[in-house]
Amino acid sequence: MSGKFENHNRSAKGFLKSFAGIILLMALFILSSCEKDDPDQIRNPESIIPERFMVEIPNSLSSSDNLKSAKVEALNGNHIYQNLCTFISVGEYGAELVQSIMLSIAVHNLNRPMDLTFISEEDSRPKHLKIIENAYYEGTQWQYRLTLADMQGPYEGSDGNIGLQVFWSLHPLEGIAILNPYNISRKTEKDFLNTHIRVDYSEAGELGYEAHMVVSITGFPIPDPLENPYGLSKLKMFAGKNADLVTLYGNSKHPNANFFSGTTGFNWAFVAAGYESQDMAVAELGLPPMDLDASDRETILETYSVNTVLRNQILSVWPNISQNLLDTYLLNTEAPGYFDRQGFVQAGTAPSQAWLPLREYIRTLTPYNPAKIKALTVGFDE
């Protein structure tokens, strides 16, 4: 079982590296394809394109490259909490992808509504970029709407050939960005054909944060379940920032995940908080069924705590298991988990009193309803 988790970790990192490659690809695509007024590619101060559209996640919770290896033979809490960092990284990379493309567009003379076409030097395909004023979306009037689409047929995906759509207003900055990587550049792997990333961002303070974002991802490509059953297909993650404190909660859907009993389909449901400057964080994690219809913290994080789920599954398969072996499987499964700049440290007992304020704070947080994540859809306004 531990081998499957190690394979999953490598596979997830591979997807993150692919995402990082897409980010660079998109930036080059925009910068090389549109006519620039500024030869040094410096952002036009009069640009109407937002220069920020995400909340930075503390490295302690999102740096998958620094995950520590669990040097044990059996699946246990180390694997569960380590992979939480990987899943959070998927959400963060999604937000970075959206922001990077918008920043790439912003270096051009986009200080007014416009309509233009061009040939991408990156994938040699015609693209259409249009910005209009006073657009409506989801019952809200926005100052601007930007749509970027691939113009060359056939329409392969579920949303035609739209690659990016952004609705936003300035002063205060708030908006919604929706992205399909495959239609931004057809050099992107076709596995991302039906991947959609949505970022809702606001600096209006309506939820009590200086800035917050909600990242939603659907159609994320998952590996062959026979090789690796732990890939995620959907994710929804909230991140809010006040001064140095970053608040996180969310869920990822893993339709092929299984642990001991053969039951398939789990949701990584989590709440977390960290200090951005100190590289320290605390997270509490539940493993409910992906179709669980519950919105309360007690059910999601306590009834389906990591310790309870793994314990019940182990005892259902091996009711006479020795206490020593059971303890090995349940290593670091007590809530919450503690993280530093190296990633996951331990679970249950705090490494020091410095983590205690974060531990108390996350007790006020609740993930999303797993059933709603299962039913999550993301698409464009066509």
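Before any of the text, the structure's been laid out above.
1. Some points on the overall build of the protein chain
And then number 1: Secondary structure assignment for the protein chain yields 9 helices and 13 strands.
And then number 2: Sorting the 382 residues of the protein chain into buried and exposed places 57% on the buried side.
And then number 3: The contacts of the protein chain with a sequence gap of at least 6 include a subset with a gap of at least 24, amounting to 63%.
And then number 4: Carbon and sulfur atoms provide 47% of the accessible area of the protein chain, an area that totals close to 15,500 Å².

2. Remarks on the pairing of strand β4 (residues 162-169)
And then number 1: For β4, the buried fraction is high: 8 of the 8 residues fall into the buried class.
And then number 2: Sheet topology note: the strand β3 (residues 140-150)/β4 ladder contains 6 bridges and is antiparallel. For R145, the partnering residue across the bridge sits in β4 and is F167.
And then number 3: Relative to strand β5 (residues 174-179), β4 runs antiparallel, the two sharing 6 bridges. Of the residues in β5, the one forming a bridge with S169 is E174.

3. Some thoughts on the nonpolar core
And then number 1: Ranked by internal contacts, the top residues of the largest apolar core, which has 74 residues, are L146, M213, L248, F259 and W268.
And then number 2: Of all the elements, helix α3 (residues 77-106) adds the most residues to this core, at 14 residues.
And then number 3: The contact partners of M213, leaving out residues within four places of it in the chain, are M54, V55, I57, A95, V199, D200, Y201, M237, F238 and A239.
And then number 4: Y209, F238, Y338 and I362 belong to the second largest nonpolar core, which has 20 residues in total.

4. Regarding the environment of T195
And then number 1: Relative to the helices and strands, T195 resides in the loop between α4 (181-184) and β6 (196-202).
And then number 2: Judged by its relative accessible area of 0%, T195 is buried.
And then number 3: Each residue touching T195, except ones within four places of it in the same chain, is listed here: L179, N180, P181, I217, T218, G219, F220 and P221.

The rules behind each value
Residues numbered from 1 in each chain as written. Predicted model: local features only at pLDDT ≥ 70, side-chain atom pairs only at ≥ 80, totals over all residues. Heavy atoms only, no water. Helix = DSSP H or I, 4+ residues; strand = E, 2+ residues; numbered from the N terminus. Buried < 20%, exposed > 50% of the residue type's maximum accessible area, 1.4 Å probe, protein only. Contact = heavy atoms within 4.5 Å. Areas by Shrake-Rupley, 256 points an atom, 1.4 Å probe, with all protein chains shown as cover. Pairing = 2+ DSSP bridges. Core = buried A, V, L, I, M, F, W, Y, C linked by side-chain atoms within 4.5 Å.

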